[in-house]
Amino acid sequence: PLVRTLLAKGCSHLTTLESNIALSVPQMEDGNNFGVTVQMTIAKFLKETREGWAKSLEKLPGYYKERGEAVEKLGLSKTTASETKTETSTQSTGGKDGDANTTESKTVKSESTSNGAKVDAHRAGHLVAMDVQTYIELGAALVDLRDGYVCVLDNVEKNREKLENPKGSGGGNFGAMY
């Protein structure tokens with residue numbers, strides 16, 4: 001659950017950054033569009049990073065399904081418990097002893113255990129291999145998440161001016177080219 005939460009938050013953070021960049025893209029004009037190109041390049045990088053994290057996030061439910069099926073095939077003993085409670089209430093009036101109220105309560109508890117077959121070493125090995133593989137994949141996902149954040153921060157910091165003001169801060173720089 002922790003890796004799932006971190007990946008989901010990471011996707012959310014990148015979506016917010018993508019939206020921020022998309023909303024700050026100025027109208028395209030002839031010339032002086034270098035800053036817009038920088039914005040588009042960083043937005044593309046953010047989208048690719050977010051999609052990679054989302055793919056890691058999508059794999060998690062499949063692991064639980066496959067693991068549940070593998071555990072079921074192990075044939076482990078199963079215990080089931082049940083409890084039944086019955087309550088009966090009667091009221092009678094005008095008998096030789098007067099009015100009578102009777103309440104009867106009955107609780108029945110049962111527990112049954114079915115012994116499974118001997119655990120197959122190959123099935124148990126498969127389960128362990130699935131767990132180890134998922135552990136490695138989750139570790140790699142966390143490393144990818146960390147590295148993705150570092151790259152995003154690096155790109156945003158290095159290009160902050162172009163992201164915030166893609167057309168530049170100066171007004172009439174037209175003569176500076178000649």
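Residues numbered from 1 in each chain as written. Predicted model: local features only at pLDDT ≥ 70, side-chain atom pairs only at ≥ 80, totals over all residues. Heavy atoms only, no water.

(A) The arrangement of the packing of aromatic side chains in detail. Summed over the entire model, instances satisfying the criterion amount to 2 aromatic pairs. Taken together, a centroid distance of 5.3 Å and an interplanar angle of 45° make the contact between Trp53 and Tyr149 tilted. Taken together, the positions of Trp53 in helix α2 (residues 34–74) and Tyr149 in helix α3 (residues 121–158) put the pair 96 residues apart, joining distant regions of the chain. Overall, Tyr149 belongs to the partly exposed group, its relative accessible area being 27%. (Phe/Tyr/Trp six-rings, centres within 6.5 Å; stacked < 30°, edge-to-face > 60°. Helix = DSSP H or I, 4+ residues; strand = E, 2+ residues; numbered from the N terminus. Buried < 20%, exposed > 50% of the residue type's maximum accessible area, 1.4 Å probe, protein only.)

(B) A look at the nonpolar core. Formed by 13 residues in total, the largest nonpolar core has its most connected members in Leu7, Leu14, Ile21, Ile42, Leu46 and Trp53. For this core, the secondary structure elements donating two or more residues are α1 (2–23), α2 and α3. With 5 residues, the top contributor of residues to this core is α1. Ignoring any residue separated from it by four or fewer positions in sequence, one finds Trp53 in contact with Leu7, Gly10, Cys11, Leu14, Asp144, Leu145, Gly148 and Tyr149. (Core = buried A, V, L, I, M, F, W, Y, C linked by side-chain atoms within 4.5 Å. Contact = heavy atoms within 4.5 Å.)

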